[in-house]
Amino acid sequence: MKPLIAGNWKMNGLLADATALAEDLKARAAAGGLACELLVCPPYPHIGPVADILSESGVQVGGQDCHNAGSGAHTGDISGAMLRDMGCSHVILGHSERRADHGENDAVVRAKAEAALAAGLIPIVCVGETAAERSAGQALAVIARQVKGSVPVGMAAERLVVAYEPVWAIGTGQTATPGDVAEAHTEIRRVLVGLVGEGAEQVRILYGGSVKPANARELMAQHNVGGALVGGASLKAEDFWAIATSCP
Ligand SMILES: O=C[C@H](O)COP(=O)(O)O
């Protein structure tokens, strides 16, 4: 399977910024020849216009979260079906900013992943340790616990993406070393084998945390790294494209 380079635009920009970025990516994608799949995850209000612009481009569109219920009285939330209806193929779930800002735990993330799958979306399940957990020597244990708790059991490997995002590397400019990344991804793969079975080798495990053009090539070359989840650098088409063209 090709690597996946996903851009998480988070809560940034207005509609004009989102559509300008989408138009720029569409123009770059028209040349073809990328060795990876590309995905952008705009803020909810921008998903429809961005999906319209990118509809024939090959660049996929995703959500940044969805509720675990299919519909109902959940003010301020959106469902997987709504994302699918707007043209989304993927949804990011359990991002550390959701876990911190909205108190989402592994059980909630797993319920959301099950709802996303039921809606026809591919969940990108995020895991990663804090700086304190790493200092305490618990990084791998935390990662293993989050994967076991957040990933639905027995799912098809091609319907799942996992993202390793050490919390201390997100938006800080401090990137995990290639060795840290390889170690964490190997642990995630080991846990996935128990959850997914034989297909676990096919699950793409993305790295996220201060990925930029200058470090993307080395990170993407690590064992078990199947792409990147990019925050800040995905807001500039030039940088996002440079990361996409770094795929092996
Ligand atoms: O979802 C993306 C990550 O949180 C990484 O963000 P960043 O590239 O700005 O560090």
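The name given to the protein chain in an unreviewed UniProt entry is Triosephosphate isomerase, with the source organism recorded as Pelagibius litoralis. You can read under Sequence similarities (unreviewed entry) in the UniProt record for the protein chain the words "Belongs to the triosephosphate isomerase family." The UniProt entry for the protein chain carries this comment under Subcellular location (unreviewed entry): "Cytoplasm".

## A closer look at the pattern of salt bridges
What the rule picks out here adds up to 11 salt bridges. The partner of D106 in a salt bridge is R99, and the shortest N-O contact between them spans 2.5 Å. Assessed through its relative accessible area of 15%, R99 is described here as buried. In the salt-bridge network here, residues are joined through shared partners; they are D65, R98, E104 and K112.

## Some thoughts on the UniProt feature "active site" (unreviewed entry) in the protein chain
UniProt annotation of "active site" (unreviewed entry) refers to H95 and E165 when read in the numbering used here. Spatial clustering of the annotated residues is evident: they stretch over 71 residues in sequence, but the largest pairwise C-alpha distance comes to 8.2 Å. Put simply, the named residues that line the largest cavity are H95 and E165. Those residues in contact with H95 that sit more than four places away from it in its chain are N8, K10, C126, E165 and I170. You can see E165 is positioned in the loop between β6 (161-164) and α8 (178-196). Exposure remark for E165: the relative accessible area of 5% places this residue in the buried category.

## What about the side chain of N215?
Position of N215 relative to the elements: it lies in helix α9 (residues 213-220). When sequence neighbours within four positions are dropped, the list of residues in contact with N215 reads T175 and S210.

## Some remarks on the packing of helix α1 (residues 15-29) against helix α2 (residues 44-54)
In contact at an axis separation of 9 Å, α1 and α2 are set at 20° when each is read in the N-to-C sense. As summarised for this structure, α1 and α2 are arranged roughly parallel, according to the angle between their axes. Handedness of the α1/α2 crossing: right-handed. Judged by residue contacts, L15, A18, T19, A22, E23 and K26 of α1 engage H46, P49, V50, I53 and L54 from α2. Partitioned by chemical class, the residues of the contact of α1 with α2 number seven nonpolar, two polar and two charged.

## Brief notes about the pairing of strand β5 (residues 122-127)
Most of β5 sits out of view: six of its six residues are buried. Both faces of β5 are covered, namely the face carrying I122, I124 and C126 and the face carrying P123, V125 and V127. Where strand β4 (residues 90-93) meets β5, four bridges bridge the pair, whose relative direction is parallel. Counterpart to I92 in the pairing with β5 is I124. Sheet analysis places β5 next to β6, joined by four bridges and oriented parallel.

## Topic: the confidence of the model for the protein chain
Of all residues in the protein chain, 100% have pLDDT values of 70 or greater, and the mean over the chain is 96. For this predicted complex, the interface score ipTM comes out at 0.99, while the overall pTM is 0.97.

Scoring rules and cut-offs
- Residues numbered from 1 in each chain as written.
- Predicted model: local features only at pLDDT ≥ 70, side-chain atom pairs only at ≥ 80, totals over all residues.
- Heavy atoms only, no water.
- UniProt positions renumbered as here; feature names shortened; annotations may be inferred.
- Salt bridge = Lys/Arg side-chain N within 4 Å of Asp/Glu carboxyl O.
- Buried < 20%, exposed > 50% of the residue type's maximum accessible area, 1.4 Å probe, protein only.
- 1 Å grid on protein atoms, 1.4 Å probe; cavity = no way out; pocket = protein on both sides within 12 Å on 5 of 7 lines; lining within 4 Å.
- Contact = heavy atoms within 4.5 Å.
- Helix = DSSP H or I, 4+ residues; strand = E, 2+ residues; numbered from the N terminus.
- Axes fitted to C-alpha atoms, helices over the stretch in contact; angles between N-to-C directions.
- Parallel < 35°, antiparallel > 145°, perpendicular 65-115°, else oblique.
- Left-handed = near helix turned anticlockwise from the far one by under 90°.
- Nonpolar A, V, L, I, M, F, W, Y, C, P; charged D, E, K, R; others polar.
- Pairing = 2+ DSSP bridges.
- pLDDT = per-residue confidence, 0-100.

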